[in-house]
Amino acid sequence: RALTDLARTEWASRSDRLDALAHVARVLDSAMGGGDALLAAIRQAKLDPIELPGPTGESNRLMFFPRGTALCLGEVGAPRALRIAVRQAVLALTAGNSAVVVAPGAAMLTELFAARHIPLVGIDGSLAPNALRVLEGVAVVAARGVDAELRPLRKALAARDGAIVPLVSSLGEIGPFLIERTLCVDTTAAGGNATLLAASDRGEAAL
């Protein structure tokens with residue numbers, strides 16, 4: 001239910017998204033530490049479109065979009081599972097996703113994030129790997145651990161029907177929580193390209 005409800009939020013379009021997360025990071029720092037790392041991840045996030053090189057008469061832009069709802073499980077079997085799960089969730093939220101954190105003690109997060117209207121739900125406990133075979137509404141799963149600990153999660157995700165749900169095991173990278181899309185526009189067909197027309201007038205080949 002938490003995954004389904006979070007999928008309907010407009011978090012990704014909020015202009016104050018990063019400010020709201022920075023506020024929560026400072027509160028978390030006083031409660032459990034690690035706030036500096038959270039703030040650094042928020043501030044270093046690069047989400048603006050990137051203009052790519054291309055031939056004259058063509059515009060190429062790389063854009064980034066959130067995946068959907070991230071399921072954050074922290075570090076599998078570790079006492080600090082909650083602290084790692086919070087870092088995963090902040091990265092996912094920075095990218096514009098909503099987040100569900102499942103870890104011992106995670107329930108306390110729900111009210112804290114809700115106070116800033118941030119779409120995160122914390123669930124106290126742990127998740128059986130086989131639940132990932134049928135769990136609906138999840139677009140990406142974040143978990144850390146050694147290969148033997150992560151293998152059951154990977155097998156369960158591979159057994160799912162429909163779209164592939166990636167497992168993010170790295171910590172500190174926002175890229176895995178984003179979808180990349182490239183927009184290519186023929187600017188000569190969109191009203192003309194001054195550079196291309198000038199080259200044509202001179203009899204030059206536009207490459």
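Presented here is an overview of the structure given in this document.

1. Concerning the pairing of strand 6 (residues 140-144)
Right, so step 1: Across the five residues of strand 6, four count as buried, placing the element largely inside the fold.
Right, so step 2: Across two bridges, the pairing between strand 6 and strand 7 (residues 167-168) is parallel. From the neighbouring strand, Ala142 faces strand 7, where its bridge partner is Val168.
Right, so step 3: For the crossover from strand 6 across helix 6 (residues 147-158) to strand 7, the handedness is right-handed.

2. Quick look at helix 4 (residues 81-94)
Right, so step 1: Taking 1.5 Å per residue as the helical rise, helix 4 with its 14 residues ought to reach 20 Å, and the 20 Å between its terminal C-alpha atoms agrees with that figure.
Right, so step 2: By the criterion of burial, helix 4 is predominantly enclosed, with 12 of the 14 residues buried.
Right, so step 3: Those residues of helix 4 not exposed but buried are Ala81, Leu82, Ile84, Ala85, Val86, Gln88, Ala89, Val90, Leu91, Ala92, Leu93 and Thr94.
Right, so step 4: The positive-phi residue at the C-terminal boundary of helix 4 is Gly96, with phi of around 100 degrees.

3. Observations concerning a positive patch on the surface
Right, so step 1: Taken together, the side chains of Arg133, Arg151, Arg154 and Lys155 define a basic patch exposed on the protein surface.
Right, so step 2: Considering the arrangement of structural elements, one finds Arg154 in helix 6.

4. So, the sheet that holds strand 3 (residues 69-75)
Right, so step 1: Taken in spatial order, the five strands make up an open sheet running 5-4-3-6-7, and their pairing is parallel. Here the strands that pair on one side only, and so sit at the sheet edges, are strand 5 (120-124) and strand 7.
Right, so step 2: Sitting on the sheet, helix 4 touches strand 3, strand 4 (98-103), strand 5 and strand 6, and the angle it makes with strand 3 is about 155 degrees.

5. Considerations on helix 6
Right, so step 1: Along its 12 residues, helix 6 runs 15 Å from first to last C-alpha, staying within 8% of the 16 Å computed at 1.5 Å per residue.
Right, so step 2: For helix 6, every residue scored as buried is listed here: Leu150, Leu153, Ala156 and Leu157. The arc enclosing the buried residues of helix 6, seen along the axis, measures out at 115 degrees, which places them on a common side. Opposite the buried face of helix 6, at more than 90 degrees from it, the exposed residues are Asp147, Ala148, Lys155 and Ala158.
Right, so step 3: Check the buried side of helix 6 and you find it contacts strand 3, strand 6 and strand 7.

6. Regarding the side chain of Glu75
Right, so step 1: Within the secondary structure layout, Glu75 lies in strand 3.
Right, so step 2: Setting aside residues up to four positions removed in sequence, Glu75 forms contacts with Arg80, Ala81, Ile84 and Arg144.

7. Details of the sheet that holds strand 1 (residues 50-52)
Right, so step 1: Pairing is antiparallel across the open sheet formed by three strands, whose spatial order is 1-2-8. Strands at the two margins of the open sheet, each flanked by one partner only, are strand 1 and strand 8 (178-186). Direction aside, neighbouring strands of the sheet carry axes that sit 30 degrees apart on average.
Right, so step 2: Relative to strand 2 (residues 58-66), strand 1 runs antiparallel, the two being bridged by three bridges. By the bridge assignment, Glu51 is partnered in strand 2 with Arg61.

Conventions we followed
- Residues numbered from 1 in each chain as written.
- Predicted model: local features only at pLDDT ≥ 70, side-chain atom pairs only at ≥ 80, totals over all residues.
- Heavy atoms only, no water.
- Buried < 20%, exposed > 50% of the residue type's maximum accessible area, 1.4 Å probe, protein only.
- Helix = DSSP H or I, 4+ residues; strand = E, 2+ residues; numbered from the N terminus.
- Pairing = 2+ DSSP bridges.
- Right-handed = clockwise from strand over helix to strand, strands pointing away.
- Expected span 1.5 Å × (residues − 1).
- Patch = residues over 30% accessible without salt bridge, like charges linked within 9 Å, V, L, I, M, F, W, Y side chains within 5 Å.
- Areas by Shrake-Rupley, 256 points an atom, 1.4 Å probe, with all protein chains shown as cover.
- Salt bridge = Lys/Arg side-chain N within 4 Å of Asp/Glu carboxyl O.
- Lys, Arg positive; Asp, Glu negative; His and termini not counted.
- Charge placed at Lys NZ, Arg CZ, Asp CG, Glu CD.
- Contact = heavy atoms within 4.5 Å.
- Axes fitted to C-alpha atoms, helices over the stretch in contact; angles between N-to-C directions.
- Arc of directions from axis to C-beta.

Interpretation note: all reported values are geometric properties and have no functional meaning in isolation.
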